[in-house]
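Observations on the three-dimensional arrangement
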Amino acid sequence: MSGLGAVPPDLAAQVSAFTARLRDRHGFLIGPGETADALRALGAVDVLARREVRGALRAVLSASPEQLRLFDLEFNAFFRVEGAAQPKLPPLLPETKTPGREEQTDAGQSPPPGPGQPPAPKPTPAPAPDDAPDPDEDAPDSQAPGQPLPGEETAPPDDAAVPSLRARLSPNAAPGQAVQAGGDDLPELLRAASALVRSLQLGRARRLKPQANRGPKLDARRTLRAAARTAGDATLLRWLGRPRRAPHFLLLIDGSRSMGADATLLLRFAQALHLRSRRVEVYAFSTGLTRLTPLLRRAPPGVPLTLPDLGDAWGGGTRIGENLLRVAREERAPVNRDTLILILSDGLDTGDPALVGRALRDLERRAGGVVWLSPLAASPNYRPVQRAVAAALPFLDALLPVAGVDDLHALPRRLRAARRA
Amino acid sequence: MNAAPPGPAELQAAFLARGYVADDALATALRLVVALGKPLLLEGPAGVGKTEAAKTLAATLGTRLIRLQCYEGLDAQSALYEWNYARQLLHLRAAELGGLGGVTDEDLYSERFLMARPLLQAIREEQAPVLLIDEVDRADDAFEAFLLELLAEWQITVPELGTIEARTRPHVILTSNRSRELSDALRRRCLYHWTEYPSRAQELAIVHARLPGVNETLAQQVTNAVHALRALPLGKPPGVAETLDWAAALVSLHADHLDAPGIRATLGAVLKLREDQLLAAPTLQGLAAQAAAGRPPGA
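Residues numbered from 1 in each chain as written. Chains lettered and ligands numbered in written order. Predicted model: local features only at pLDDT ≥ 70, side-chain atom pairs only at ≥ 80, totals over all residues. Heavy atoms only, no water.

Each helix and strand counted, chain B has 14 helices and 9 strands in total. A buried classification covers 49% of the 299 residues belonging to chain B. Looking at chain B alone, contacts between residues at least 24 apart form 76% of all its contacts between residues at least 6 apart. (Helix = DSSP H or I, 4+ residues; strand = E, 2+ residues; numbered from the N terminus. Buried < 20%, exposed > 50% of the residue type's maximum accessible area, 1.4 Å probe, protein only. Contact = heavy atoms within 4.5 Å.)

Next comes the structure, spelled out in structure tokens:
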């Protein structure tokens, strides 16, 4: 902190205003300590060189690729106004985060558009360049509502006309853009979640832990400690063993229109699972993809679950393969041998089913197990012929029905049966 | 402030002299490591030179590089210190047989029997070393928590010896491939830099810096080809390390340009999954044809 004395007071004020802005608007985990570090960092670089200032502040204040992108936008907005005294006001929050603006960021430095899922409110991810037609074509309100095209879906643009359109078309999205996933079945879902967490039998951890009875490895340290009591003769041997691993979960929830209430049920189940085990990662996808984990983490239990507008990750069409591939590759969702991947989808896909296969091959290789939950599978004469399900089938440990809370209760039992088969 | 940190241009030049092309942001971040004494967390795809950055920093600062490779199941014992139990026992037996009798506690738990692991080594160095904690995402949460404590306090307590304080603060660089999300607490303690695949021009510069004798045409074609490959939805996109391997492989085959047989013979240096090789085959064919067409006749 010794360097802080030399900092001009207005620079200090500027930097703390900037850190406060990042913290308040985007939930950056930064406080006075980081502000002080930022000021010290500015002491170490040439404050007159904008690139250097940005590089220094970015290294101190951001902590993940998602934050890098937000940082760049905020930095440009904040310091352009302050420094060059441009009359232009800083762009408002929703504007700053439309994908088109990202080109403003430093080309060499910005992370790829993929691995981002900034905290809420989230930006609309750019529609896939190759197969998304111009969104303006089908966006305007003039188009007759109530005619959801069964075929190709596009990521709707983020303008005011669309939410109402989406709300009219979608059983999932409420008019206020927010996703209402309320329900009074939380206690029951919690029971189902606990049963699932308990039932998962994983292998042993790699880490050696002391254990009471005879284990695979002698604990020389503790044995020698114990030998001190018996005058140096190691009469009591202590052992190390590998404890069982705690399960992790990765939930991928299809929020497309065709899923209806089943998607909200699974959202609540995700919340329940999240309350039972901290090792839960949740994504929702429709035409786009959103990471829900931070939202669920913030959602208070007991009150009906309400999520902010999820943009094109909810209540639109379905691009399963594309989004699964994004989860597997760009998001680098944490998947290891302790992870059970639960995919909830009816498999009615408008994208390329080959992508589903490729994504699942990736995920299956890294995960402990992959389970597909389909609401359609609950009907007695169900055949896995939906394109996405058919493509995924070779890589699945199980394809299970999920049409209600009962199915979730039965999940552990069915999983065990599928494992044994 | 510490001893004057190197200027931006100086640092980049020093890095370049050691065959590492550092962009502005990375150079700034590395300078802050020296100036602020905070650890730097480097994240990015595999093979973009995260580990190499730490090595080059050590060479530039003229200090030792101490590396802790993280792995699943790494515990504090193997990262910090361990008593050499076998030697302690031997010492006890020898003392008994020799009739010396007077083996004291201080004897048995002295530095002689202490095996310093990387973290203890790092804080006992006279001159601040570069401590590289490699692939920290592979270690588990428990180790991460332990690391937090060390990075905050810079002291290690050995119950039998007492607390060992750091003589100098090591320059710490952590790398991660994002196979697991690191905790917010660890991120907060660190400066952060995301290392991205280099631009075409940067990558060309890297190839030249690393393989000084390489043919210009070949270097350009290889760099272009790798960039084309990265645009494909590959399972394991080639990193800079693969670019260099590939160029080196082609050089060792005495190729001065990219052609179909050369690509076929060396494809394993760039694409390490069979599916990727199949997926990239049309692209590579196109590239070979392009390279053949672009070549002056008779060359």
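In this section: the environment of B:Arg210. All names here are of chain B. Position of arginine 210 relative to the elements: it lies in helix 10 (residues 200-210). On the basis of relative accessibility, which here comes to 32%, the residue arginine 210 falls in the partly exposed class. Separated by 190 residues in the primary sequence, arginine 210 and tyrosine 20 place their C-alpha atoms 7.7 Å from one another. In contact with arginine 210, not counting residues within four places along its chain, are Arg18, Gly19, Glu52 and Leu244. Among the polar contacts listed, one links the side chain of arginine 210 to the backbone oxygen of glycine 19, at a separation of 2.8 Å. (Polar contact = N/O pair within 3.5 Å; in protein donor to acceptor, adjacent residues only side chain to side chain.)

This paragraph deals with the sheet that holds strand 9 (residues 339-344) of chain A. Residue and element names in this part refer to chain A. Strand order in the open sheet made by the 6 strands is 7-6-5-9-10-11, with mixed pairing throughout. Each edge of the open sheet carries a strand with a single partner, namely strand 7 (289-291) and strand 11 (398-401). Averaged over all pairs of adjacent strands, the angle between strand axes in this sheet comes to 20°, irrespective of strand direction. In this structure, strand 5 (residues 248-254) lies alongside strand 6 (residues 280-285), joined through 6 bridges in parallel fashion. Its bridge partner lying in strand 6, phenylalanine 249 is registered against valine 280. Most of the contacts of helix 9 (residues 261-276) go to strand 5, to which it runs at about 160°, and overall it touches strand 5, strand 6, strand 9 and strand 10 (369-374). Each of strand 9, strand 10 and strand 11 is contacted by helix 14 (residues 405-420), which is oriented at about 155° to strand 11, the strand it contacts most. (Pairing = 2+ DSSP bridges. Axes fitted to C-alpha atoms, helices over the stretch in contact; angles between N-to-C directions.)

All names here are of chain B. Its 12 residues place the ends of helix 3 (residues 50-61) 17 Å apart at the C-alpha level, agreeing with the 16 Å of an ideal helix rising 1.5 Å per residue. Among the residues of helix 3, Lys50, Ala53, Ala54, Thr56, Leu57 and Ala58 are the ones counted as buried. Lining the buried residues of helix 3 we find helix 1 (8-17), helix 2 (24-36), strand 1 (40-43), strand 2 (65-69), strand 5 (130-134) and strand 8 (171-176). (Expected span 1.5 Å × (residues − 1).)

This next bit is on the confidence of the model for chain B. Confidence in the prediction of chain B, expressed as mean pLDDT, is 86, and 94% of residues score 70 or more. Here the complex is predicted with pTM 0.68, and the ipTM for its interfaces comes to 0.81. (pLDDT = per-residue confidence, 0-100.)

This part is about the environment of A:Val405. Residue and element names in this part refer to chain A. Its location among the elements puts valine 405 in helix 14. Spatially, the C-alpha atom of valine 405 lies 7.1 Å from that of leucine 189, the residues being 216 residues apart in sequence. Once you skip the residues sitting within four places of it in the chain, valine 405 turns out to touch Asp185, Glu188, Leu189 and Leu265.

Attention now goes to the interface of chain B and chain A. Buried accessible area, meaning the area lost when the parts come together, often serves as the stated size of an interface. Listed by partner, the interface residues are 47 residues for chain B and 45 residues for chain A. Summing the contributions of chain B and of chain A, the shared interface buries around 4000 Å²; its carbon and sulfur component is 50%. By the criterion of area lost to chain A, the three top residues of chain B are B:Arg178, B:Arg188 and B:Tyr192, representing 16% of everything that side buries. Seen at the junction of chain B and chain A, the total is 6 salt bridges. Between A:Glu34 and B:Arg188 there is a salt bridge; the shortest N-O distance is 3.3 Å. Inspection of the region where chain B meets chain A yields 10 residue pairs in polar contact (both at pLDDT 80 or more). Elements with a contribution of two residues or more to the side of chain B that touches chain A: helix 2, strand 3 (81-83), helix 5 (85-97), helix 8 (141-153), helix 9 (184-189), strand 9 (191-194) and helix 14 (274-294) of chain B. Ranked by the residues each element gives to the side of chain B that touches chain A, the list is headed by helix 2 of chain B, at 8 residues. Residue composition of the side of chain B that touches chain A, by class: 22 nonpolar, 7 polar and 18 charged. (Buried area = accessible area lost by both parts, 1.4 Å probe. Salt bridge = Lys/Arg side-chain N within 4 Å of Asp/Glu carboxyl O. Nonpolar A, V, L, I, M, F, W, Y, C, P; charged D, E, K, R; others polar.)

Residue and element names in this part refer to chain A. With the rule as written, the count across this model stands at 11 aromatic pairs over all chains. A ring pair is formed by phenylalanine 78 and phenylalanine 79, whose centres lie 4.9 Å apart and whose planes are at 75°; its orientation type is edge-to-face. In this structure, phenylalanine 78 and phenylalanine 79 share a single accessibility class: buried. Aromatic rings pair up to connect Phe18, Phe71, Phe75, Phe78 and Phe79 into one cluster. (Phe/Tyr/Trp six-rings, centres within 6.5 Å; stacked < 30°, edge-to-face > 60°.)

Turning to the side chain of A:Arg358, a few remarks are in order. Within the element layout of this structure, A:Arg358 appears in helix 12 (residues 353-366). Excluding residues that lie within four positions of it along the chain, A:Arg358 makes contacts with A:Leu325, A:Arg329, B:Pro233 and B:Leu279.

As a further point, take the sheet that holds strand 4 (residues 239-241) of chain A. Residues and elements named next belong to chain A. Across the sheet, which stays open at both edges, the 3 strands sit in the order 2-4-3 with antiparallel pairing between neighbours. Whereas interior strands pair on both sides, the edge strands pair on one side only; in this sheet they are strand 2 (209-211) and strand 3 (217-218). Two elements, strand 3 and strand 4, share 2 bridges in a ladder whose sense is antiparallel. The residue bridging lysine 217 from the neighbouring strand is leucine 240, located in strand 4.

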